[in-house]
Amino acid sequence: MTCLLPRATHADTLAPPFAVLAELTHRCPLRCPYCSNPLALDPASREMDTASWKRVLDQAADAGMLQVHFSGGEPCVRKDLEELVAHATDVGLYTNLITSAVLMDEDRLIRLRDAGLQHVQISLQDTEAEGADRIGGFKGGHARKLAVAEMVTRAGLALTINAVLHRHNIGRVDAFIDLALDLNAGRIEIANVQYYGWGLVNRAALLPSHEQLIAMDTAVRARLPDLKGRIVVDYVVPDYYARRPKACMGGWARRFMNVTPSGRVLPCHAAETIPGMDFETVHERTLSEIWRDGPAFVRYRGTHWMPKPCRDCDQNEVDWGGCRCQALALAGDADAADPVCEKSSAHAAVAALRDADAAALDTPFRYRGSPAE
Amino acid sequence: MTDSPTIFEDSRVRLAPGVMLRHDRARDEWMLLAPERVLVLDDTALAVVRATTPRDAGTVGEAITRLAAEYDAPRADIAADVLEMLNDLLAKGYVVP
């Protein structure tokens, strides 16, 4: 997500967060093997009720946040989605809905629009039904998504197509772009799978080869000039093949807050994989308080925590040391430099791991599970 | 390959679907809120958006004439600035023809 907000000018002035990711539920009819939800899914019985979520939305607005992303799991499984969208709109938040779309119908979409919803992001698993439904583990899902995408633009709402790329569909990136244009999407996320949560479990079943990646990148860059003014392109490359890390989440605790279905407050959706972290909940303190000095937020905010080579690197306020969860997953240490960076001592090991996984072509998917009741 | 869309004086523009003009009290800034994005507007950008995007704004050329009168500036200068800004906003997806 792009955010062109002016930064705080003094080191001791903390800028307010830009957006809250409201993970209303971990329930989802799809079983995508790259789901970013944690392996330990929150059971339905532990989901916060409507009143608690409304309080979270009040606090998000109070904290100076501008946008809310209603996400999951599949947020449409919540019967109170309309009520929460209306409440977010009432307190002045711009509302995005991140959805698989398979549970949506036109009546509900119109109700959501009338409640103030501005933007719907629909993920596609492939450009053709057979492959898409195999990856999502949900028969008929792809056709349903296309139908709902048309409803979204017909209702006058902004539409983003989230094209999730991996070894099984990366060759069809051109077809994804054409499909997004056909659907009159205002925006496309060309989102190579990020290897967190279920995606990390399935890395050997998903990671593209270097040749596939180069072909995809060449195709995308050839299209970009012609897409200008037609569709906004957010392009996420798989950083396992990069020389420098991404500024994950725009920097730890610099832009976003994530609230889980049961009310834990995280700097990013994968942060719970990091051991020894102290995550507060919305039942204990307000979002403003947690943003200001919550231990999990302070721990990796800025540059104070950085080891070498980040500490002395002239990019450390550009990439903010990369991704803590990736440092943990690949270097075994969340305090280390992101091993994707070529300056990291673990970079060579990551390349070897990557090449082994990319060559493991027979690896079956381990589909995402379902949360307990 | 086709030419990318461009805004001219005889174009009419509006904010793209899902784009809202909003004053944010916490930051005391005018901004365009858009799908998963925010663009902070300076005074000039705000004046251009207000002059060109409402339903009753007419053509971009008509808005330029009004802005030239309001700011008592040469019309050609205003026209160049407005068209450059609108085409930039178009490329970034904030306005549509």
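Our subject is the structure listed above.
Calculation rules
Residues numbered from 1 in each chain as written. Chains lettered and ligands numbered in written order. Predicted model: local features only at pLDDT ≥ 70, side-chain atom pairs only at ≥ 80, totals over all residues. Heavy atoms only, no water. Helix = DSSP H or I, 4+ residues; strand = E, 2+ residues; numbered from the N terminus. Buried < 20%, exposed > 50% of the residue type's maximum accessible area, 1.4 Å probe, protein only. Contact = heavy atoms within 4.5 Å. Areas by Shrake-Rupley, 256 points an atom, 1.4 Å probe, with all protein chains shown as cover. Lys, Arg positive; Asp, Glu negative; His and termini not counted. Charge placed at Lys NZ, Arg CZ, Asp CG, Glu CD. Phe/Tyr/Trp six-rings, centres within 6.5 Å; stacked < 30°, edge-to-face > 60°. Lys NZ or Arg CZ within 6 Å of the ring centre and 35° of its normal. Salt bridge = Lys/Arg side-chain N within 4 Å of Asp/Glu carboxyl O. Polar contact = N/O pair within 3.5 Å; in protein donor to acceptor, adjacent residues only side chain to side chain. Axes fitted to C-alpha atoms, helices over the stretch in contact; angles between N-to-C directions. Parallel < 35°, antiparallel > 145°, perpendicular 65-115°, else oblique. Left-handed = near helix turned anticlockwise from the far one by under 90°. Nonpolar A, V, L, I, M, F, W, Y, C, P; charged D, E, K, R; others polar. Buried area = accessible area lost by both parts, 1.4 Å probe.

Caption draft 1: A look at the overall build of chain B. What chain B contains, in helices and strands, is three helices and five strands. Reading the secondary structure of chain B in the N-to-C direction produces β-β-β-β-α-α-α-β. With respect to the principal axes defined by its C-alpha atoms, chain B has extents near 40 × 35 × 20 Å. Out of the 97 residues in chain B, the part that is buried amounts to 44%. The contacts in chain B between residues at least 6 apart in sequence include a share of 53% that link residues at least 24 apart. On chain B, roughly 5200 Å² of surface is accessible, and the fraction owed to carbon and sulfur atoms is 50%. Side-chain charges of chain B comprise 11 positive and 17 negative groups, with the mean position of each set lying 9 Å from the other.

Caption draft 2: Broad picture of the packing of aromatic side chains. The tally for this structure, following the rule as stated, stands at six aromatic pairs over all chains. Consider the rings of W252 of chain A and Y300 of chain A, whose centres lie 5.1 Å apart with planes at 85°: the pair is edge-to-face. Pair noted here: W252 of chain A is in the loop between β7 (232-236) and β8 (256-259) and Y300 of chain A is in the loop between α11 (295-299) and α12 (324-331), with a separation of 48 residues, a long-range link. Here W252 of chain A and Y300 of chain A have matching classes, each one buried. Between Y300 of chain A and W305 of chain A the ring centres are 5.2 Å apart and the planes differ by 85°, which places this aromatic pair in the edge-to-face class. The exposure classification of Y300 of chain A matches that of W305 of chain A, with both residues buried. Put simply, the rings of W252, Y300 and W305 of chain A pair up and form one aromatic cluster. Over the ring of Y367 of chain A we find R31 of chain A, and its NZ or CZ is 4.6 Å from the ring centre. Directly above the aromatic system of W30 of chain B lies the positively charged group of R50 of chain B, at a separation of 4.4 Å from the ring centroid.

Caption draft 3: Structural detail: the side chain of K145 of chain A. All names here are of chain A. With respect to the secondary-structure elements, K145 resides in helix α5 (residues 141-154). Despite its burial, K145 remains without a salt bridge, the nearest opposite charge being carried by E74 at 7.1 Å. A polar contact is formed between the side chain of K145 and the backbone oxygen of S100, at a distance of 3.2 Å. Sequence-distant contacts of K145, defined by excluding residues within four places in its chain, comprise L30, S100, A101, V102, I122, S123, L124 and Q125.

Caption draft 4: Summary view of the pattern of salt bridges. Residues and elements named next belong to chain A. Counted according to the given criterion, the structure contains 29 salt bridges over all chains. D114 serves as the salt-bridge partner of R113, at 3.2 Å between the closest nitrogen and oxygen. In this structure R113 comes out as partly exposed when scored by relative accessible area, which is 31%. Among the ionic pairs, D126 bridges to R172, the shortest N-O distance being 2.8 Å. Here D126 is found in the loop between β4 (119-124) and α4 (129-136), whereas its partner R172 is found in the loop between β5 (158-165) and α6 (173-182), with 46 residues between them in sequence. When salt bridges with common partners are traced through the structure, they connect R27, E47, R78 and D80 into a single cluster.

Caption draft 5: The packing of helix α1 (residues 50-62) of chain A against helix α2 (residues 81-90) of chain A, seen in detail. All names here are of chain A. Put simply, α1 and α2 touch, their axes get as near as 9 Å, and they point 25° apart. Relative to α2, α1 is oriented roughly parallel. Crossing hand, α1 versus α2: right-handed. Residue-level contacts link T50, W53, K54, L57 and D58 of α1 to E83, L84, H87 and A88 of α2. Of the residues contributing to the contact of α1 with α2, the split by class is four nonpolar, two polar and three charged.

Caption draft 6: Main features of the interface of chain A and chain B. Contacts between the two partners involve 33 residues from chain A, matched on the other side by 26 residues from chain B. Together chain A and chain B conceal approximately 2300 Å² of surface at their shared face, both sides included; 58% is due to carbon and sulfur atoms. At the boundary of chain A with chain B, the tally comes to one salt bridge. Across the salt bridge formed by E36 of chain B and R187 of chain A, the nearest N and O atoms sit 3.6 Å from each other. For the pair chain A and chain B, the interface holds nine residue pairs in polar contact (both at pLDDT 80 or more). Mapped by element, the contributors of at least two residues to the side of chain A that touches chain B are β2 (67-71), β3 (94-99), β4, β5, β6 (187-192) and α9 (210-227) of chain A. When its residues are assigned to classes, the side of chain A that touches chain B shows 16 nonpolar, twelve polar and five charged.

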